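Structure assessment
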Amino acid sequence: MAGPLSHIKVLDLSRVLAGPWSTQMLGDMGAEVIKIERPGHGDDTRKWGPPFSKNVDGTDGDAAYFHCANRNKTSHTVDITTRDGQETIKQLAMECDIIVENYKVGGLKKYNLDYDSLNALNSELIYCSITGFGQSGPYANRAGYDFMIQAMGGMMSITGDKDENNGTPQKVGVAIADIMTGMYATVGILGALAHRDRTGEGQYIDLALLDCQIAMLANHSSNYLLSGEVPKRHGNEHVSIVPYQAFKTSDGDIVVAVGNDEQFTSFSKATAQYWSDDERFKTNTSRVENRKILIPQITDILIQKSSQEWVTILENHGVPCGPVNNLQQILNDPHIKSRNIVQEIKSDDGTLVPIIANPINYSKTPMKYNKAPPKLNS
């Protein structure tokens, strides 16, 4: 069956990750996505390797980084600095429903490819601009990359081990600011499409990596706003829930995620301890207050068995838990295999390209993976 956006056409003027992540999602939903790239060079991430894919002749293809965000698109090379290139983009804009771009503020205005110029040609156009700091404010003209946004936006201040353990601020192991901005972009675009369905008018979307990074701090930002206390790094501990962290086992690490007092009672029974009868640990509030007493006791118990032994025991008692897997372990897990998370797409030259499937599972309009990440048009 056709995807939910099979009637939609997208002009993708973005590169690297945030924009391509969004347009790939739109493509997975069935939209036709035209990726515009610089002639002879293309998206920067084509060269961000190793590792690289392999061409049929055994030579290196594009970097794996490019492959993670560019399926279900076609590649067209256009030099937008030329009059012919600008006319090509204008013609496409009149045919498209959505434009996604991540040029610096004002970067497309000098070519008359900004929102006002293209909206004059197509009033139904939804135009999403992704920048580091947004279209306004003192930092608007700065370049923005994920690592620096994680630093500036507060993410690194709450990520990493505690000060008392000689911890330092750490970035998240994936470009989370870029990815979440791509997710916000997709949500924003779908909302704009719903508005257009009712009114017939397109609109402009101003999206900033820094804004998105701050917005996704969730309970940490609300804790600060309500208490005035600056959140600290807690490593693998949870600031408001105990026990909700990683523990060493005899052969690895396991995460125990006790979310309420009933689960803690079950956890106490599973470990053959009497913690839930102790006034210091009966409620989550008391456990948070007495974290430094309880956690060492749990640590001493969990180190005595393997991760799999504890997973079996705790699951039998209804205690949320799981091993700390590497990618090889989780992608070969029988549950993940049953969910068809890893799939393959055949490229134009016949090579099979492995992908991680979109996790959205529609009942009537399933995701389609018809196009492998495209070779550079020219």
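In this report, we go over the structure that sits alongside the text. What you see is a predicted model, and the numbers here were worked out from it, not measured in a lab. (Residues numbered from 1 in each chain as written. Predicted model: local features only at pLDDT ≥ 70, side-chain atom pairs only at ≥ 80, totals over all residues. Heavy atoms only, no water.)

Thoughts on the environment of Lys 305
With respect to the secondary-structure elements, Lys 305 resides in the loop between α11 (291–302) and α12 (307–316). Given the relative accessible area of 32%, Lys 305 is considered partly exposed. Taking the C-alpha atoms as reference points, Lys 305 and Ser 250, separated by 55 residues in sequence, lie 5.3 Å from one another. Here Lys 305 is in contact with Thr 249, Ser 250, Trp 310 and Ile 313, once residues within four sequence places are set aside. (Helix = DSSP H or I, 4+ residues; strand = E, 2+ residues; numbered from the N terminus. Buried < 20%, exposed > 50% of the residue type's maximum accessible area, 1.4 Å probe, protein only. Contact = heavy atoms within 4.5 Å.)

Structural notes on the environment of Thr 131
Among the secondary structure elements, Thr 131 is positioned in strand β7 (residues 126–131). Those residues in contact with Thr 131 that sit more than four places away from it in its chain are Tyr 103, Val 105, Leu 207, Ala 208 and Leu 209. Among the polar contacts listed, one links the side chain of Thr 131 to the backbone nitrogen of Gly 134, at a separation of 2.9 Å. (Polar contact = N/O pair within 3.5 Å; in protein donor to acceptor, adjacent residues only side chain to side chain.)

Focus on the nonpolar core
Ranked by internal contacts, the top residues of the largest apolar core, which has 33 residues, are Ile 98, Ile 130 and Ile 189. For this core, the secondary structure elements donating two or more residues are α1 (18–28), β6 (98–101), β7, α6 (176–199), β8 (204–208), α7 (209–215) and β13 (352–356). Here this core gets five residues from one element, more than from any other, and that element is α6. Contacts of Ile 130, omitting those with residues within four sequence positions, involve Ala 18, Gly 19, Val 100, Glu 101, Asn 102, Tyr 103, Thr 181, Ala 185, Leu 207 and Leu 209. Among the nonpolar cores identified, the runner-up in size contains 19 residues, and Ile 254, Val 258, Phe 281 and Val 311 belong to it. (Core = buried A, V, L, I, M, F, W, Y, C linked by side-chain atoms within 4.5 Å.)

Concerning the state of the cysteines
Within this structure, the stated rule accounts for zero disulfides. Unpaired in terms of disulfides, Cys 96 finds its nearest cysteine sulfur in Cys 128, a separation of 14 Å. Looking at Cys 96, the relative accessible area reads 3%, which means it is buried. Of all cysteine sulfurs in the structure, the one in Cys 212 sits closest to Cys 128, which takes part in no disulfide; the separation is 9.1 Å. (Disulfide = S-S within 2.5 Å.)

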